[in-house]
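Take a look at the letters that make up each chain.
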Amino acid sequence: VGLDELDARISVCRACPRLVRWREQVAETKRASYADQPYWGRPVHGLGSPTPSILVVGLAPAANGGNRTGRLFTGDRSGDWLFASLHRVGLATQGTSVHAADGLALIDTRMVATVRCGPPQNKPTTAERDTCSPWIEAELRLLAEHVRVVVALGGYGWDATLRSYAALGWEVSRPKPRFGHGIEATLVGDGRSVTLLGCYHPSQQNTFTGRLTEPMLDSVFARAAALGRT
Ligand code: SF4
C-alpha cells in the first residue's frame, strides 16, 4: 500500500461509531452555512509532501475546520497560526489556508492527525485513539526513510508520536521524555534516528492567553527546518 492508497482507505474509515455519528451530524447541521464549498465530513488524511523530512503530528481535525474542508488545519483558527508560521520559516508556499483548493503547498513537510475524525469537545476517548493508531503507524512506516524530525503539537501529539514509533519497534529512551515547548528527544530505529521536537499546540486556548506566541512557534519550526536539512 502506498500513500495514495492509504489516504483513500483513511477517507472511508468508519471504525469509531461515536466519531462517525458526530462527523455526520456536524456535516448535516453545518453544510448549509457553507453551501458555496464542498463539505468533506469524512476522516482527514495527511497533508503535504509524500517524501517529507519534517512531520507535524497534531491531535485531530477541528469538526468545522479540517473535517469541513477535507484538508488538515484548513479553515480553523489553529491552522491560521500554523500555516502563517510555516510560511514565515519557508515550509509553506503561503501563509493562509482557507479551503482545500486555495493553492497552499507544504515544502518538505507533511502533517498528520493522531485521530482522523474531529471528536466532540476535541476529546477522543482512549479507545478511539487506539482504534485510529494503525493509520498513523502505517503512515510513519511509509514515510520512515524520509522523516528526520517530528514536530509534536501539544502533549497529545507528543505521546502519540512516542507510542507510534514504539509500536514500530523504535527505541524510545526511558524514562519517557516529557513534553515541553522546544524540548527535543531522539528516537532510534531501522538504522536511523529522528528528532522529536515539542511545540505547544496553536489552539486558541494557548494563543489567546499568550502561552504560545508567534516568535515561539517560529522558533520551533525554524529549528525543525534546520534539522530537516542536516
Ligand atoms: Fe476511522 Fe480514525 Fe475516524 Fe476512528 S477516528 S473512524 S479509526 S479515521
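For the structure itself, look to the data block above.
Presented here is an overview of the structure given in this document. Because the structure is a prediction, the values reported are computed rather than measured.

Empty space within the largest pocket amounts to approximately 640 Å³. In this structure, the largest pocket is lined by 27 residues; those nearest its centre are Leu59, Ser78, Asn122, His201 and Ser203. Mapped by element, the contributors of at least two residues to the lining of the largest pocket are α4 (77-88), α6 (154-167) and α7 (204-208). Tallied by class, residues from the lining of the largest pocket come to eleven nonpolar, 13 polar and three charged.

Across soluble globular proteins, nonpolar side chains show a tendency to be buried alongside one another. Grouped together as the largest cluster of nonpolar side chains are 29 residues, with contacts concentrated most on Phe83, Leu86, Leu106, Met111, Val151 and Phe221. Of all the secondary-structure elements, those providing two or more residues to this core are β2 (54-58), α4, β3 (109-113), β4 (149-153), β7 (192-199) and α8 (214-229). Among the elements that take part in this core, α8 stands out by supplying six residues, more than any other. In contact with Phe83, not counting residues within four places along its chain, are Leu47, Leu72, Phe73, Thr74, Ala92, Gln94, Gly95, Ser97, Leu104, Leu106 and Met111. Counting 26 residues, the second largest nonpolar core, distinct from the first, contains Val57, Trp158, Tyr165 and Leu196.

Rules used throughout
Residues numbered from 1 in each chain as written. Predicted model: local features only at pLDDT ≥ 70, side-chain atom pairs only at ≥ 80, totals over all residues. Heavy atoms only, no water. 1 Å grid on protein atoms, 1.4 Å probe; cavity = no way out; pocket = protein on both sides within 12 Å on 5 of 7 lines; lining within 4 Å. Points joined across faces, edges and corners; volume = space filled by probe spheres on them. Helix = DSSP H or I, 4+ residues; strand = E, 2+ residues; numbered from the N terminus. Nonpolar A, V, L, I, M, F, W, Y, C, P; charged D, E, K, R; others polar. Core = buried A, V, L, I, M, F, W, Y, C linked by side-chain atoms within 4.5 Å. Buried < 20%, exposed > 50% of the residue type's maximum accessible area, 1.4 Å probe, protein only. Contact = heavy atoms within 4.5 Å.

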